[in-house]
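# Structure assessment
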Amino acid sequence: MSNEPEQGTPAVPEKRKRGGLVAIILGATLVIAGAAGVVVFTRPDSKAEAEAQVDLDTLPARQWIEKISVTFNPLNSKNSLCKLSFYFEYKCPPAPMVEEQVIVPNLRKAKSRILIFLKGLTKDDIEGSHGAEHVRKQLIELLEESLFPDGGGLVSDVFIEELLFT
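Thresholds, definitions, all that
Residues numbered from 1 in each chain as written. Predicted model: local features only at pLDDT ≥ 70, side-chain atom pairs only at ≥ 80, totals over all residues. Heavy atoms only, no water. Helix = DSSP H or I, 4+ residues; strand = E, 2+ residues; numbered from the N terminus. Contact = heavy atoms within 4.5 Å. Core = buried A, V, L, I, M, F, W, Y, C linked by side-chain atoms within 4.5 Å. Buried < 20%, exposed > 50% of the residue type's maximum accessible area, 1.4 Å probe, protein only. Salt bridge = Lys/Arg side-chain N within 4 Å of Asp/Glu carboxyl O. Pairing = 2+ DSSP bridges. Axes fitted to C-alpha atoms, helices over the stretch in contact; angles between N-to-C directions.

### Some remarks on the environment of L142
Assignment of secondary structure puts L142 in helix 5 (residues 128–147). With near-sequence residues (within four places) excluded, L142 lies in contact with R113, I114 and F117.

### Description of the nonpolar core
Of all hydrophobic cores here, the largest spans 28 residues; its most connected members are F88, L118, L143 and L147. Residue assignment for this core shows that the elements contributing at least two residues are strand 1 (62–72), strand 2 (82–91), helix 3 (98–119), helix 5 and strand 3 (154–165). The biggest single contributor to this core is helix 3, with seven residues. Beyond its immediate sequence surroundings of up to four residues, F88 is in contact with R62, Q63, W64, I68, I103, L143, L147, V155, D157 and V158.

### Some thoughts on the pattern of salt bridges
Under the counting rule described, the total for this entry stands at four salt bridges. Salt-bridge contacts for E161 lead to K67; the nearest nitrogen and oxygen are separated by 3.2 Å. Highlighted residues: E161 in strand 3 and K67 in strand 1, separated in sequence by 94 residues. Taking relative accessible area as the criterion, E161 reaches 46% and is therefore assigned partly exposed. Here K67 falls in the partly exposed class, since its relative accessible area comes to 37%.

### Examining the sheet that holds strand 2
An order of 1-2-3 is seen for the three strands of this open sheet, with the pairing classed as antiparallel. A strand with exactly one partner marks an edge of an open sheet, and here the two such strands are strand 1 and strand 3. The average undirected angle you get between the axes of adjacent strands in this sheet is 20°. In this sheet, strand 3 lies alongside strand 2 in antiparallel orientation, the contact comprising ten bridges. Bridging from a neighbouring strand, S85 pairs with E162 of strand 3.

Printed below as a string of structure tokens:
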């Protein structure tokens with residue numbers, strides 16, 4: 001009796017080593033994980049997309065609690081000064097510290113643009129209900145352009161507290 005198979009019986013192959021099979025499975029797993037990683041890390045941020053698609057008009061308005069005051073000399077008024085004080089409401093997607101990161105850095109620019117606009121008006125342009133309404137609309141526009149230059153928010157209203165001539 002030898003170890004060789006007889007002619008009528010099929011030969012049973014020797015057990016193969018499983019090291020090659022494990023290496024193939026491990027390699028395939030790494031390739032799949034790498035492809036999944038590429039997909040996950042290269043897709044656009046879903047939070048940024050959601051913020052970009054937010055309808056600003058549907059958001060609740062927040063009030064800027066600091067009163068903004070400017071004193072200026074209206075155009076063609078040699079001895080007259082005008083003092084304007086107002087608050088404003090704004091809307092932007094909820095974000096942590098939006099005031100410190102968006103509004104405060106741009107507030108100085110907004111005040112400068114407002115002052116330049118106001119100095120170009122005459123006393124007659126400002127006085128009366130039509131003049132005050134014109135100033136209010138322009139303040140909304142100037143604040144929005146200055147505070148949210150990328151369009152990430154809007155100024156919904158301005159509340160004029162004081163409009164005095166001396």
